[in-house]
Amino acid sequence: MRKKLCPQCQIHRFYLKNNEGERLVVIVNQDKEIIPIHDHESLEGFDTSILYCLGCSWQGSVDRLH
C-alpha cells in the first residue's frame, strides 16, 4: 500500500486528536483514507479534519499531503 507523505518532512505517520486530548497514530493511503496503524483501534471520536505530523510541526488536512 502506498502512503501519503508529510509535505514538510516526508514521513508517512500522523496522529489525530479527540476532545479529551488523546492521540491516535494513523497513516493515509493513496485514496486519502485515514487508517489507524493498529487493527484494533477506531477513528470514532477523533477529529479527522486535521492531521498532525509525528516528525515535525506540520498540521493540516488530508488534501495537503503528498
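J.: Can you break down the packing of aromatic side chains residue by residue, with the values?
T.: The final tally for this structure, using the stated rule, is two aromatic pairs. Geometrically, the ring pair formed by Tyr15 and Tyr52 is stacked, given 5.1 Å between the ring centres and 15° between the ring planes. With Tyr15 in strand β1 (residues 14-17) and Tyr52 in strand β4 (residues 51-53), this residue pair connects regions lying 37 residues apart in the sequence. By relative accessible area, which is 15% here, Tyr52 ends up buried. For Lys17, the ring lying beneath its charged end belongs to Tyr52, and the centroid distance is 4.7 Å.

J.: Got a sec to walk through the sheet that holds strand β5 (residues 59-60)? Specific residues and values, please.
T.: Pairing within the open sheet is antiparallel, and its five strands lie in the order β3-β2-β1-β4-β5. The open sheet has two edge strands, β3 (34-36) and β5, and neither has a second partner. Note: β1 against β4, two bridges, orientation antiparallel. Counted as the bridge partner of Phe14 is Cys53 from β4.

About the criteria used
Residues numbered from 1 in each chain as written. Predicted model: local features only at pLDDT ≥ 70, side-chain atom pairs only at ≥ 80, totals over all residues. Heavy atoms only, no water. Phe/Tyr/Trp six-rings, centres within 6.5 Å; stacked < 30°, edge-to-face > 60°. Helix = DSSP H or I, 4+ residues; strand = E, 2+ residues; numbered from the N terminus. Buried < 20%, exposed > 50% of the residue type's maximum accessible area, 1.4 Å probe, protein only. Lys NZ or Arg CZ within 6 Å of the ring centre and 35° of its normal. Pairing = 2+ DSSP bridges.

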